[in-house]
Each structure stands twice: as structure tokens, then as C-alpha cells.
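# Descriptive structure summary
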Amino acid sequence: PPVRSGHAMAWDPVRQRIVLFGGATTAGAMNDTWEWDGTAWTQRLGAGPPARWRHMLAWDGNRQRVVLFGGNSSVTASSPNPLGDTWEWDG
């Protein structure tokens, strides 16, 4: 994945992958999803959450999904745009 800050990652033990979503660069917030299988990063395409950074990802073992919550869609301190939505990823 391109260099970024404010991204989130979580371990998916069922699929044996680290999932990375979002983050920010000097160009703004990102909405890309990547997976690491222990050997290589692969970008996963498809519909997903809007661009964001400073969000959280966690593994939900009961539902066997990676869960994303919150974040901020703006990368400027003068106009923060906090998000309160929840998204799930199962690969």
C-alpha cells in the first residue's frame, strides 16, 4: 500500500490475513482496503466505506468479521468531520 498515516489494521484469524483500511496522505483521506497474507500485500476492490482516517478496526470472533468504526473524513484540523458509522469485512 502507499505510505499513509492514521490507518487501521486488524488480524482475521479465519482467513489468516491482516486487513488494512484507509488512512491519510497529504492528498487527503483514503478508502482503500489491503490484505497481507504473510508474503504479499493485495489490494481488495469493491464497494466499501467512504474515505477516512483515525478510525478503528477490530476482529469480531462471534460473527467472524473485521469491524470498522468511526474515524474522520477530513484531514484538516480546521474542519474536522467525525464519522460514527460501522462497516464489516469478511473478505
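So, here's what we can say about the structure. (Residues numbered from 1 in each chain as written. Predicted model: local features only at pLDDT ≥ 70, side-chain atom pairs only at ≥ 80, totals over all residues. Heavy atoms only, no water.)

## What about the side chain of S74?
- Within the fold, S74 resides in the loop between β6 (65-69) and β7 (86-89).
- When residues no more than four places from it in sequence are discounted, the contact partners of S74 are W53, S79, P80 and N81. (Helix = DSSP H or I, 4+ residues; strand = E, 2+ residues; numbered from the N terminus. Contact = heavy atoms within 4.5 Å.)

## Observations regarding the layout of surface pockets
- Considering only enclosed or pocket space, the largest pocket measures out at about 290 Å³ in volume.
- Of all the secondary structure elements, the ones that give two or more residues to the lining of the largest pocket are β2 (17-25), β3 (28-36), β4 (41-44), β6 and β7.
- Taken together, the residues of the lining of the largest pocket break down into ten nonpolar, five polar and three charged. (1 Å grid on protein atoms, 1.4 Å probe; cavity = no way out; pocket = protein on both sides within 12 Å on 5 of 7 lines; lining within 4 Å. Points joined across faces, edges and corners; volume = space filled by probe spheres on them. Nonpolar A, V, L, I, M, F, W, Y, C, P; charged D, E, K, R; others polar.)

## What to know about the nonpolar core
- If you look at the biggest cluster of nonpolar residues, it comprises seven residues: A8, A10, V19, F21, L57, V66 and L68.
- Elements with a minimum of two residues in this core: β1 (8-12), β2 and β6. (Core = buried A, V, L, I, M, F, W, Y, C linked by side-chain atoms within 4.5 Å. Buried < 20%, exposed > 50% of the residue type's maximum accessible area, 1.4 Å probe, protein only.)

## Overview of the sheet that holds β1
- Ordered by their spatial adjacency, four strands build an open sheet running β1-β2-β3-β4, and the pairing between neighbours is antiparallel. Of all strands in the sheet, those bounded by a partner on one side alone are β1 and β4. Sheet twist, expressed as the mean angle between neighbouring strand axes with direction ignored, is 25°.
- The sheet contact formed by β1 and β2 spans five bridges and is antiparallel. The residue of β2 that forms the bridge with W11 is I18. (Pairing = 2+ DSSP bridges. Axes fitted to C-alpha atoms, helices over the stretch in contact; angles between N-to-C directions.)

Interpretation in functional terms is not warranted from these geometric data alone.
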